[in-house]
Amino acid sequence: MPQSRSYYFVANFLRLFLIYCLGLVIFLISRIYFALEYGNLQELQGGIWEVALAFVIGFRTDTMSLSYGLLPVFLLILGLYIVPWSRVVGYLKFLKNFLLIYSTTVFGIFLLILICDFFFYRFFNDHLNILVFALIDDDTKAVLTSMWTDYPVLKILLLIAFSVTGFAFLIKKILNLNVPLFKLSSFKSVITVLLSLVLVFTGLRNSWGTFPLRLQNTIVSDNTFINKIGVAGVFSLQNAFKEKMDESINTDISETLKKYKFASVDKVMNAYLDRSDISIVEFPNCLKARTAFQEKLEQKKPNVVIIQMESMSNHLLDFHSPEFNMLGSLEQELADSNAYVFRNFVSASWTTIHSLEALIIASPETPISQSVYREQKLSSSAAMPYLKA
């Protein structure tokens, strides 16, 4: 007998939740094996409370990874409220088959990543990181040959095949579970959907703060290895992809101009210099200036020290007084007649690294320091004039 949309939604959401719990068990087994294989048992026993906190962090990172992995399924379950009623039965059959195939595939991929992370840690003493891409870019054939000779590839493939079969069996059991019949009012149905959205959103971010759960939030101990326990291979690979994206600096001038809505480089220079008569032929001389000759400076060349304050808002200086010292030991330095304080300053960005780079190297594309160009000398460096003086 056909039931309401709300019944089908709740029933399938509960099944999805059980599949998520199965995923947590897989990650938990992997984490325990990792801790026992690479950890020092005496150290772990001595820091048992911190180990427990690391496992709590592990639950959060695993939830984040599983939430992203199972998100397409949740969106399809939400689709039960969209498809015409006459097609709901057919949609339910499709949903069941998709859940089985997709969830089994995702768990198989997750298991492969966890195994790769396990052996990656053995060699690099760290979870999967941006070095993964360096290995691939270096010499893929050589890397694959090394993997075949140095690691039990056939055993790993057999383990994955056996595990995927087990995943399919357990997920099929979950999908065949009967959910007792019930009816929800329209109001309760809306509340149920909103609650599910809140749960999924929380799983994806694992934080209600400004930022989602990040790698730096996984630190729970002074012991480096204990901190490693809370980070699984899937979460660390997610961060590796993010680092790889951060490394990507677009050097295409036309795309950069389009991004910042400039028609030409001439327009950029005129906007920067607050002029209207500059052309590209005058670059880079148009950006250079020479101060008037000062005999005193020629006789006694000063040391130039530029201090850039981190997160010291301009208005905080107004609160400085002998009774309320906002400057500390910096007060004496600023009182020096040779010190210049630039207070009419507008930050280039709301993040530290982007603002610092805008000052130091005058680049519109950041962060250079985290890209493949971090070791290169840049002609726009603010320190260059002083080095060449």
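First, a word on scope: everything that follows refers to the structure included in this document. (Residues numbered from 1 in each chain as written. Predicted model: local features only at pLDDT ≥ 70, side-chain atom pairs only at ≥ 80, totals over all residues. Heavy atoms only, no water.)

## So, the overall build of the protein chain
Threshold: Secondary structure elements are taken from DSSP: a helix is a run of H or I of four residues or more, a strand is a run of E of two residues or more, and numbering for both begins at the N terminus. Atoms counted for the radius of gyration: C-alpha only. Globule rule: 2.2 Å times residue count to the power 0.38. Classification of residues uses two cut-offs on accessible area relative to the type maximum, computed with a 1.4 Å probe and protein chains only: under 20% is buried, over 50% is exposed, and between them is partly exposed. By definition, residues are in contact when any of their heavy atoms lie within 4.5 Å. Where accessible areas are quoted, they stem from the Shrake-Rupley method and a 1.4 Å probe; at the residue level, only the protein chains shown are allowed to cover. In this charge count, Lys and Arg are treated as positive and Asp and Glu as negative; neither His nor the chain ends contribute. The atoms used to mark charge sites are NZ of Lys, CZ of Arg, CG of Asp and CD of Glu.
Looking only at helices and strands, one finds 16 helices and 0 strands in the protein chain. Against the compact-globule benchmark of 21 Å for 389 residues, the protein chain has a radius of gyration of 29 Å, which places it well outside the compact range. With the principal axes as the frame, the protein chain shows a C-alpha extent of 95 × 55 × 55 Å. Here the protein chain holds 389 residues, and 32% of them are scored as buried. Residue pairs in contact within the protein chain that sit at least 24 positions apart in sequence constitute 69% of those at least 6 positions apart. For the protein chain, the exposed surface amounts to about 26,500 Å²; the carbon and sulfur share of it is 63%. Of the charged side chains in the protein chain, 33 are positive and 31 negative; the average position of the first set lies 15 Å away from that of the second.

## A closer look at the nonpolar core
Grouped burial of nonpolar side chains is what soluble globular proteins tend to show. Short version of the rule: Put simply, a nonpolar core is a bunch of buried Ala, Val, Leu, Ile, Met, Phe, Trp, Tyr and Cys residues held in one set by side-chain atoms that sit within 4.5 Å of each other.
Ranked by size, the top nonpolar core spans 53 residues in total, and within it Phe9, Ile19, Leu80, Phe107 and Phe110 carry the most contacts. Mapped onto this core, the elements with two or more residues apiece are helix 1 (5-38), helix 3 (48-78), helix 4 (88-124), helix 5 (131-138), helix 7 (153-175), helix 8 (186-205) and helix 10 (233-247). Broken down by element, the residue count for this core peaks at 15 residues, all from helix 4. Apart from residues lying up to four places away in sequence, leucine 80 is in contact with Arg5, Tyr8, Phe9, Asn12, Tyr91, Leu92 and Leu95. One finds Phe34, Tyr121, Phe225 and Ile229 within the second-largest nonpolar core, a separate group that totals 9 residues.

## What to know about a nonpolar patch on the surface
Quick reminder of the rule: Patch membership is restricted to residues that have no salt bridge and whose relative accessible area is over 30%. Joining uses 9 Å for like charges and 5 Å for the nonpolar side chains Val, Leu, Ile, Met, Phe, Trp and Tyr. We count a salt bridge whenever a side-chain nitrogen from Lys or Arg sits within 4 Å of a carboxyl oxygen from Asp or Glu.
Taken together, the side chains of Phe187, Val190, Ile191, Leu194 and Leu197 make up a nonpolar region of the molecular surface, amounting to roughly 480 Å² of accessible area. Along the polypeptide, phenylalanine 187 turns up in helix 8.

## Observations regarding the packing of helix 1 against helix 3
Here is the rule we go by: Lines fitted to C-alpha atoms define the axes here, with helix axes fitted over just the stretch in contact, and angles between the N-to-C directions of these axes take values from 0 to 180 degrees. Crossing handedness follows the turn of the near helix against the far one: under a right angle anticlockwise gives a left-handed crossing, and clockwise gives a right-handed one. Just so you know the grouping, Ala, Val, Leu, Ile, Met, Phe, Trp, Tyr, Cys and Pro go in nonpolar, Asp, Glu, Lys and Arg go in charged, and all remaining residues, Gly too, go in polar.
Their axes nearest at 9 Å, the elements helix 1 and helix 3 cross at an angle of 145 degrees. For the element pair helix 1 and helix 3, the recorded crossing hand is right-handed. For the contact of helix 1 with helix 3, the class distribution of residues is 17 nonpolar, 6 polar and 2 charged.

## Details of the side chain of serine 163
For clarity, the cut-off: We define a polar contact as two N or O atoms separated by no more than 3.5 Å, with the added condition that, inside protein, one atom must be a possible hydrogen donor and the other a possible acceptor, whereas residues neighbouring each other in sequence contribute only through side-chain atom pairs.
Considering the arrangement of structural elements, one finds serine 163 in helix 7. A polar side-chain atom of serine 163 sits 2.7 Å from the main-chain carbonyl oxygen of leucine 159.

## Some details on the pattern of salt bridges
What the rule picks out here adds up to 4 salt bridges. The partner of glutamate 37 in a salt bridge is arginine 122, and the shortest N-O contact between them spans 3.9 Å. Remark: arginine 122 occurs in helix 4 and glutamate 37 occurs in helix 1; sequence separation between them is 85 residues. The exposure class assigned to glutamate 37 is partly exposed, which follows from its relative accessible area of 40%.

## Some thoughts on helix 8
Given 3.6 residues per turn, any residue in an α-helix points the same way as the ones three and four places further on. Worth spelling out the cut-off: Every helix has an expected span of 1.5 Å times one less than the residues it contains.
Taking 1.5 Å of rise per residue, 20 residues should cover 28 Å, and helix 8 covers 29 Å from first to last C-alpha, within 8% of that figure. Taken together, the buried positions of helix 8 are occupied by Ser189, Val193, Ser196, Val200, Gly203, Leu204 and Arg205. On its buried side, helix 8 packs onto helix 1 and helix 3.

## A word on unusual backbone geometry
The phi torsion at asparagine 206 lies on the positive side, around 55 degrees, for a residue other than glycine. The exposure class assigned to asparagine 206 is buried, which follows from its relative accessible area of 11%. Even without being a glycine, aspartate 274 presents a positive backbone phi close to 55 degrees. When you line up the elements, aspartate 274 lands in the loop between helix 12 (265-273) and helix 13 (295-299). Given a relative accessible area of 70%, aspartate 274 falls into the exposed group.

## Points about the packing of aromatic side chains
Here is the rule we go by: Pairing of aromatic rings covers Phe, Tyr and Trp, the last through its six-membered ring, and needs centres within 6.5 Å; plane angles under 30 degrees mean stacked, over 60 mean edge-to-face, and all others mean tilted. In this scheme, Lys NZ or Arg CZ marks a charge over a ring once it lies within 6 Å of the ring centre and within 35 degrees of the ring normal.
Taken as a whole and judged by the stated rule, the model has 23 aromatic pairs. A ring pair is formed by phenylalanine 98 and tyrosine 102, whose centres lie 5.2 Å apart and whose planes are at 10 degrees; its orientation type is stacked. With phenylalanine 98 and tyrosine 102 both in helix 4, this residue pair falls 4 residues apart, about one helical turn. Given a relative accessible area of 25%, phenylalanine 98 falls into the partly exposed group. When the centroid spacing of 6.0 Å and the interplanar angle of 85 degrees are considered together, the rings of phenylalanine 107 and phenylalanine 167 count as edge-to-face. Here phenylalanine 107 is found in helix 4, whereas its partner phenylalanine 167 is found in helix 7, with 60 residues between them in sequence. For phenylalanine 107, a relative accessible area of 2% puts it in the buried group. Above the ring of phenylalanine 211, the side-chain terminus of arginine 214 is found at 4.1 Å from the ring centroid.

## Some points on the environment of aspartate 277
Within the secondary structure, aspartate 277 sits in the loop between helix 12 and helix 13. Expressed as a C-alpha distance, the spacing of aspartate 277 and serine 186, which sit 91 residues apart in the sequence, is 66 Å. Within the structure, aspartate 277 has its side chain in polar contact with the side chain of arginine 275 (distance 3.1 Å).

## So, the packing of helix 4 against helix 7
For the pair helix 4 and helix 7, the least separation of the axes is 9 Å and the interaxial angle reads 145 degrees. Two packed elements cross with a definite hand, and for helix 4 against helix 7 that hand is right-handed. Of the residues in helix 7, those touching helix 4 at Lys96, Leu99, Leu100, Ser103, Thr104, Phe107, Gly108, Leu111, Leu112, Ile115 and Phe119 are Ile156, Leu159, Ile160, Ser163, Val164, Phe167, Ala168, Ile171, Lys172 and Leu175. When grouped by side-chain class, the residues that make up the contact of helix 4 with helix 7 number 15 nonpolar, 4 polar and 2 charged.

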